[in-house]
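Structure at a glance
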Amino acid sequence: MNAIARTAGTLCLTAALAACTTMTTISSNHEQTRLSLKHTVPEVPSTLKLKDTSFGNYEFKAVAPGSDPFYGILPLRFHGGRLAMDILFFAPATMFNLRGAFPFYDIDIDKGVIRYKMNATDPWTEYTPTAAERERARQFYDATAG
């Protein structure tokens, strides 16, 4: 294999791997919110990288002084364009990166909602985790605590 082909292959692999994460900013209506997100405990507010997934979820637990814990699952966006590219150029990738985090989240513990948006200037979309999602997240954190 010549150097040009190796370089092109390396660039394609790097681009594919970089495309599998999203930089996400998470904030809250409470200054002292403590957040647990899957297997991380980021500061709030915080900007972090979240891996894309096809089948997984990001369970969260948010706690603030004077409030009950708020459990749920982050709403994720569907990557339709990525699906088309995966089908055309690298079909096995369709199993790894069909859904990803939105760039912005805001957790409102008092109302039990999580807001999300694509761009900083967009209006927030409000999402209330279902009872099943809240229970799934609670069980996830109960299992990891013991």
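Quick summary incoming for the structure in this document. (Residues numbered from 1 in each chain as written. Predicted model: local features only at pLDDT ≥ 70, side-chain atom pairs only at ≥ 80, totals over all residues. Heavy atoms only, no water.)

**Side note on the sheet that holds strand β10 (residues 125-127)**
- An order of β3-β1-β8-β9-β10 is seen for the five strands of this open sheet, with the pairing classed as mixed. Looking at the sheet topology across the chains shown, the edges are occupied by β3 (46-51) and β10. Taking each pair of neighbouring strands and ignoring which way they run, the sheet shows an average axis angle of 30°. (Pairing = 2+ DSSP bridges. Helix = DSSP H or I, 4+ residues; strand = E, 2+ residues; numbered from the N terminus. Axes fitted to C-alpha atoms, helices over the stretch in contact; angles between N-to-C directions.)

**Description of the pairing of β3**
- Residues S46, L48 and L50 point to one face of β3 and are all buried, whereas T47, K49 and K51, pointing to the other face, are not buried.
- Note: strand β1 (residues 21-28) against β3, six bridges, orientation antiparallel. Pairing of T21 across the sheet is with K51, part of β3. (Buried < 20%, exposed > 50% of the residue type's maximum accessible area, 1.4 Å probe, protein only.)

**A word on the nonpolar core**
- Of all hydrophobic cores here, the largest spans 20 residues; its most connected members are L35, L37, L74, Y105 and I107.
- Those elements that provide at least two residues to this core are β2 (34-37), β3, β4 (59-63), β8 (104-108) and β9 (113-117).
- When near neighbours in sequence (up to four residues on either side) are disregarded, I107 contacts I26, S27, S28, N29, L35, A62, F70, V113 and I114. (Core = buried A, V, L, I, M, F, W, Y, C linked by side-chain atoms within 4.5 Å. Contact = heavy atoms within 4.5 Å.)

**With respect to the pattern of salt bridges**
- Here the structure, examined in full by the defined rule, presents seven salt bridges.
- Notably, a salt bridge pairs D106 with R115, separated by 3.1 Å at the nearest N-O pair.
- You can call D106 buried: its relative accessible area is 12%.
- Relative accessible area serves as the criterion here: at 13%, R115 is assigned to the buried category.
- One salt bridge connects R115 with E126, and the closest N-O pair in it is separated by 3.1 Å. (Salt bridge = Lys/Arg side-chain N within 4 Å of Asp/Glu carboxyl O.)

**Looking at the sheet that holds β2**
- Pairing within the open sheet is antiparallel, and its three strands lie in the order β2-β4-β5. Each having just a single partner strand, β2 and β5 (70-73) make up the two edges of the open sheet. Each neighbouring strand pair of the sheet contributes to a mean axis angle of 15°, computed without reference to strand direction.
- Pairing of β4 with β5, which is carried by four bridges, proceeds in the antiparallel orientation. By the bridge assignment, K61 is partnered in β5 with Y71.

**A word on the packing of aromatic side chains**
- Inspection of every chain in the model, using the stated rule, returns five aromatic pairs.
- Relative to F70, the ring of F60 has its centre 5.2 Å away and its plane inclined at 75°; by these criteria the two rings are edge-to-face. Residue F60 is found in strand β4, and its partner F70 is found in strand β5; the two are separated by 10 residues along the sequence. Neither F60 nor F70 differs from the other in exposure class; each is buried.
- Geometrically, the ring pair formed by Y71 and Y141 is tilted, given 6.5 Å between the ring centres and 40° between the ring planes. With a gap of 70 residues between them, Y71 in strand β5 and Y141 in helix α3 (residues 131-145) connect regions that are remote in the sequence. (Phe/Tyr/Trp six-rings, centres within 6.5 Å; stacked < 30°, edge-to-face > 60°.)

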